[in-house]
Amino acid sequence: GGEVTMSTLPQKSVKRLVNQNLSFEVKRVSAPFIPLASDCLEEFIHLLASEAQRVSEQENKSVMSPEHLKSALKNLGYERYIEEIDACASRQLEAQKKKPKMPRKRLEDSGQSIEELRRKQAALFAQARAKME
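Computed from a prediction, not measured in an experiment: that's the story for all the values here.

A. Highlighting the overall build of the protein chain. For the protein chain, the helix and strand inventory stands at five helices and zero strands. Scanning the protein chain from its N terminus toward the C terminus, one meets helices and strands in the order α-α-α-α-α. Compactness check: the protein chain gives a C-alpha radius of gyration of 23 Å against a globular reference of 14 Å for 133 residues, more than 25% above the reference. Judged by the C-alpha coordinates and their principal axes, the protein chain covers about 65 × 40 × 35 Å. Taking all 133 residues of the protein chain together, the buried fraction comes to 14%. Taking the intrachain contacts of the protein chain between residues at least 6 apart in sequence as the baseline, contacts between residues at least 24 apart amount to 40%. Accessible area for the protein chain stands at about 11,600 Å²; split by element, carbon and sulfur atoms hold 57% of it. Of the charged side chains in the protein chain, 23 are positive and 19 negative, and the gap between their average positions amounts to 7 Å.

Printed below as a string of structure tokens:
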């Protein structure tokens, strides 16, 4: 409470992650620890994202991928985490496969012409503008 932090990461999430990794000998952390850890985590994320972006730009890619993140980790000297990143990605992929898929609503399936859909969209935009005024 009352600690000023520059981080935008949720303090409760950071605290939960830290508490999950406490050992038997270390039972709790001091009040300033969580905001400082949060600031460090945010800075590390910025560092990783910047390096991954640099790698993707070198490859002339407009979308950063997990491969760019792994290259960034390697370039920054954190290659020991790549195996864990691969395992995490595999778990996420498996969880995604089990997740029920939302049915895709295609324009063709709507039974309406493009012109009709555009008219409806224009009417909705007009309604929204009227509400804003």
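B. Structural view of the nonpolar core. Membership of the largest hydrophobic core is limited to five residues, which are Leu 48, Ala 52, Ala 72, Leu 73 and Ile 82. Those elements that provide at least two residues to this core are helix H2 (33-58) and helix H3 (66-75). Excluding its chain neighbours within four sequence positions, the residues that come into contact with Leu 73 are Leu 48, Tyr 78, Glu 79, Ile 82 and Ile 85.

C. Up close: the environment of Pro 66. Mapped onto the fold, Pro 66 is located in helix H3. Under the relative-accessibility criterion, Pro 66 is labelled exposed at 55%.

D. Geometry of H2. The end-to-end C-alpha distance of H2 is 37 Å, a good match for the 38 Å that 26 residues give at a rise of 1.5 Å each. Along H2, the positions that sit buried rather than exposed are Ile 34, Pro 35, Ala 37, Ser 38, Glu 42, Leu 48, Glu 51, Ala 52, Val 55 and Ser 56. Contacts from the buried residues of H2 go to helix H1 (11-20) and H3. Residue Asn 60 follows H2 closely and has a positive phi angle near 55 degrees.

E. Just the environment of Ala 72, in detail. Position of Ala 72 among the secondary structure elements: in helix H3. Along the primary structure Ala 72 and Ala 52 are separated by 20 residues, whereas in three dimensions their C-alpha atoms are 5.0 Å apart. Filtering out sequence-adjacent residues up to four positions away, Ala 72 remains in contact with Leu 48, Glu 51 and Ala 52.

Reading guide: rules and limits
Here, residues in each chain are numbered from 1, in the same order as that chain's written sequence. Only residues with pLDDT of 70 or above have their local features reported here, since the model is predicted, and side-chain atom pairs are shown and tallied only from 80 upward, although totals for entire chains, interfaces and linings are computed over all residues. For the side-chain quantities, the full set of heavy atoms in the structure was used; hydrogens and water were omitted. Secondary structure follows DSSP: runs of H or I at least 4 residues long count as helices, runs of E at least 2 residues long count as strands, and numbering of each begins at the N terminus. It is over C-alpha atoms that the radius of gyration is taken, and the globule rule equals 2.2 Å times the number of residues to the power 0.38. The cut-offs for exposure are 20% and 50% of the maximum accessible area for each residue type, with area from a 1.4 Å probe on protein chains only; residues under the lower value are buried, those over the upper are exposed, and the others partly exposed. What makes two residues a contact is simply this: any of their non-hydrogen atoms within 4.5 Å. Residue exposure ignores everything except the shown protein chains as possible cover, and the areas themselves are Shrake-Rupley values with a 1.4 Å probe. In summary, the charge assignment counts Lys and Arg as positive and Asp and Glu as negative, without counting His or the chain termini. By convention, charge coordinates are those of NZ in Lys, CZ in Arg, CG in Asp, or CD in Glu. Buried Ala, Val, Leu, Ile, Met, Phe, Trp, Tyr and Cys residues that are joined via side-chain atoms within 4.5 Å together make up what is termed a nonpolar core. A helix is expected to span 1.5 Å for every residue after the first.

Worth remembering: the numbers are spatial, not functional.
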